[in-house]
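# Structural overview for review
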2 protein chains.
Amino acid sequence: MRIGQLAQLVGVETQTIRFYEQQGLLPPPDRQDNGYRVYTEKHGEGLAFIRRCRILGLSLAEIHELQSYQDDPHQPCTAVNALLDDHISHVRSQITALQALEKQLVSLRASCNDEREVEACGVLAGISEGNMHQQ
Amino acid sequence: MRIGQLAQLVGVETQTIRFYEQQGLLPPPDRQDNGYRVYTEKHGEGLAFIRRCRILGLSLAEIHELQSYQDDPHQPCTAVNALLDDHISHVRSQITALQALEKQLVSLRASCNDEREVEACGVLAGISEGNMHQQ
DNA sequence: TATTGACCTTATAGTAGCTTTATAGTTTAA
DNA sequence: TTAAACTATAAAGCTACTATAAGGTCAATA
Ligand SMILES: [Zn+2]
Ligand SMILES: [Zn+2]
Ligand SMILES: [Zn+2]
Ligand SMILES: [Zn+2]
């Protein structure tokens, strides 16, 4: 299997596959005489794992960490679960921050209608005056 | 006022100020004979405006756009309000995406307790099996 | 006077996770 | 045979800074 086929199979670009290899997330495949990469099913599974982790918002560093746990299958999985817990709390704090931000933006937006000149724009005035409650 | 004083006044690093100048967000100040930048109150206001925009999550491009509106104060402020509306809906879609993600992560986490080996970890299995409902 | 320390200058590289571009070699189909 | 489609490497671009390097300037101190 060449890189293009693998890319199509998993739904990524070929450059992304080379990038993961370069980052040490995907083991370097064998090469043909012409230098073309040759992939196995294992690579496909590894790549799909990476992609699913990315969809879950895990960073490449976190994925790398998960992989290191997989290499040691008889350890307790405490660290895996902890990694996920950390990630969940990270996502939650992002949500909280964005919700606070939304509230601020909405109240800023409410301070203007569409009938004014820029000079008198409530939005611009609101930003310039700086009476912002920064969390 | 030199760059260090301005930085302390507004609460940013000196490099950030030079960066904004380089990006065209802050007008180039006059220089002393020795090359040191000399800032006025106007610069302080401009810099504070940029920082408040950043706190609101606006990108440098969006800030640049706002500045261009400010340069033309007798236009209607429709574009300003529209920019904010766009930004709000952007923030909202981020929140929605993160909430969906959180749900997914929590259910993944629930598929494991801390008493297993990595081999049998419900989290890793859940990712590997790939039965993920992508949004 | 010499030298320390705090400040300023520019230029360059690093961060995350790719994507894009440039340049070139290889395979395959018409 | 030639062109399309594929592969390779290396390097730059993206965002919004942050950090580092190597050096010039200035005031105060020893
Ligand atoms: Zn995380
Ligand atoms: Zn307005
Ligand atoms: Zn925006
Ligand atoms: Zn587990």
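From a predicted model like this one, the values you see are computed outputs, not experimental measurements.

### Overview of the coordination of the zinc ion (ligand 2)
For the zinc ion (ligand 2), the full set of protein donor atoms is Cys112 of chain A (SG), Cys121 of chain A (SG), Cys77 of chain B (SG) and Asn81 of chain B (OD1), and the range of their distances to it is 2.2 to 2.5 Å. Each of the four donor atoms bound to the zinc ion (ligand 2) contributes to angles spanning 100 to 120 degrees, and the resulting shape is tetrahedral. Of this pair, cysteine 121 of chain A sits in the loop between α5 (78-109) and α6 (122-129) while cysteine 77 of chain B sits in the loop between α4 (60-70) and α5 (78-109), placing the two residues on different chains. As far as the burial class goes, cysteine 121 of chain A and cysteine 77 of chain B line up, both buried.

### A word on the nonpolar core
Counting residues in each nonpolar core, the largest one holds 70 residues, and the members touching the most others are Ile17 and Leu66 of chain A together with Ile17 and Leu66 of chain B. Apart from residues no more than four positions distant in its own chain, leucine 66 of chain B is found in contact with Leu124 and Ile127 of chain A together with Phe49, Cys53, Leu58, Val80 and Leu83 of chain B.

### Regarding the side chain of asparagine 81 of chain A
Among the structural elements, asparagine 81 of chain A can be located in helix α5. Residue asparagine 81 of chain A is classed as buried on the basis of its relative accessible area of 0%.

### Considerations on the protein's contact with DNA strand D
Gly4, Arg18 and Arg37 of chain A together with Arg51 and Arg54 of chain B are the nearest of the 18 residues found near DNA strand D. Looking at DNA strand D alone, sugar and phosphate atoms form 80% of those within 4 Å of the protein. One of the backbone N or O atoms of glycine 4 of chain A is found 2.7 Å from a phosphate oxygen in DNA strand D. In the model, a phosphate oxygen of DNA strand D is placed 2.8 Å from a nitrogen or oxygen of the arginine 51 of chain B side chain. Residue assignment for the surface near DNA strand D shows that the elements contributing at least two residues are α1 (3-10) of chain A together with α2 (14-22) and α3 (41-55) of chain B.

### A few points about the domain arrangement of chain A
All names here are of chain A. Domain assignment breaks chain A into domain 1 (1-73) and domain 2 (76-134). Here domain 1 and domain 2 have C-alpha centroids that lie 35 Å from each other. Across the contact, seven residues belong to domain 1 and four residues belong to domain 2. Of the roughly 530 Å² buried between domain 1 and domain 2, counting both surfaces, carbon and sulfur atoms make up 76%. Across the domain 1-domain 2 interface, the total number found is zero salt bridges.

### Some words on the protein's contact with DNA strand C
Neighbouring residues of DNA strand C: 18 residues in total, closest Gln15, Thr16 and Arg54 of chain A together with Gly4 and Arg18 of chain B. Atoms of DNA strand C within 4 Å of the protein belong to the sugar or the phosphate in 81% of instances, the rest to bases. Between threonine 16 of chain A and DNA strand C, the recorded distance is 2.8 Å, taken from a side-chain N or O atom to a phosphate oxygen. In the model, a phosphate oxygen of DNA strand C is placed 2.6 Å from a nitrogen or oxygen of the arginine 54 of chain A side chain. Among the secondary structure elements, those contributing two or more residues to the surface near DNA strand C are α2 (14-22) and α3 (41-55) of chain A together with α1 (3-10) of chain B. In terms of residue count, the dominant contributor to the surface near DNA strand C is α2 of chain A (four residues). Grouping the amino acids of the surface near DNA strand C by side-chain chemistry returns six nonpolar, six polar and six charged.

### Structural notes on the coordination of the zinc ion (ligand 1)
All names here are of chain A. Coordination of the zinc ion (ligand 1) by the protein comes from Glu62 (OE), Glu62 (OE) and His87 (ND1), over a distance range of 2.1 to 2.6 Å. Note that glutamate 62 is positioned in helix α4 (residues 60-70) and histidine 87 in helix α5, a separation of 25 residues in sequence. A single burial state applies to glutamate 62 and to histidine 87, both of which are buried.

### Some remarks on α6 of chain A
Every buried residue belonging to α6 of chain A is among Gly122, Val123, Leu124, Gly126 and Ile127 of chain A, and all of these are buried. Where the residues of α6 of chain A are buried, they touch α5 of chain A together with α3, α4 and α5 of chain B. Residue glycine 130 of chain A follows α6 of chain A closely and has a positive phi angle near 70 degrees.

### Some remarks on the relation of the copies chain B and chain A
Rotating chain B by 180 degrees and translating it 0.0 Å along the rotation axis places it on chain A, where the RMSD comes to 0.2 Å. Each copy turns onto its partner about a two-fold axis. Relative to the rotation axis, the closest C-alpha in chain B is found at isoleucine 95 of chain B, a distance of 2.9 Å. A shared interface surface links the copies, since 100% of the contact residues of chain B are contact residues in chain A too.

Cut-offs and rules
- Residues numbered from 1 in each chain as written.
- Chains lettered and ligands numbered in written order.
- Predicted model: local features only at pLDDT ≥ 70, side-chain atom pairs only at ≥ 80, totals over all residues.
- Heavy atoms only, no water.
- Donors = N, O, S within 2.8 Å, 3.2 Å for Na, K, Ca; no water.
- Tetrahedral: all angles 85-135°; square planar, octahedral: opposite > 155°, others 65-115°.
- Helix = DSSP H or I, 4+ residues; strand = E, 2+ residues; numbered from the N terminus.
- Buried < 20%, exposed > 50% of the residue type's maximum accessible area, 1.4 Å probe, protein only.
- Core = buried A, V, L, I, M, F, W, Y, C linked by side-chain atoms within 4.5 Å.
- Contact = heavy atoms within 4.5 Å.
- Near = heavy atom within 4 Å.
- Polar contact = N/O pair within 3.5 Å; in protein donor to acceptor, adjacent residues only side chain to side chain.
- Domains from an automatic or database assignment.
- Buried area = accessible area lost by both parts, 1.4 Å probe.
- Salt bridge = Lys/Arg side-chain N within 4 Å of Asp/Glu carboxyl O.
- Nonpolar A, V, L, I, M, F, W, Y, C, P; charged D, E, K, R; others polar.
- Least-squares fit on C-alpha atoms with pLDDT ≥ 70 in both.

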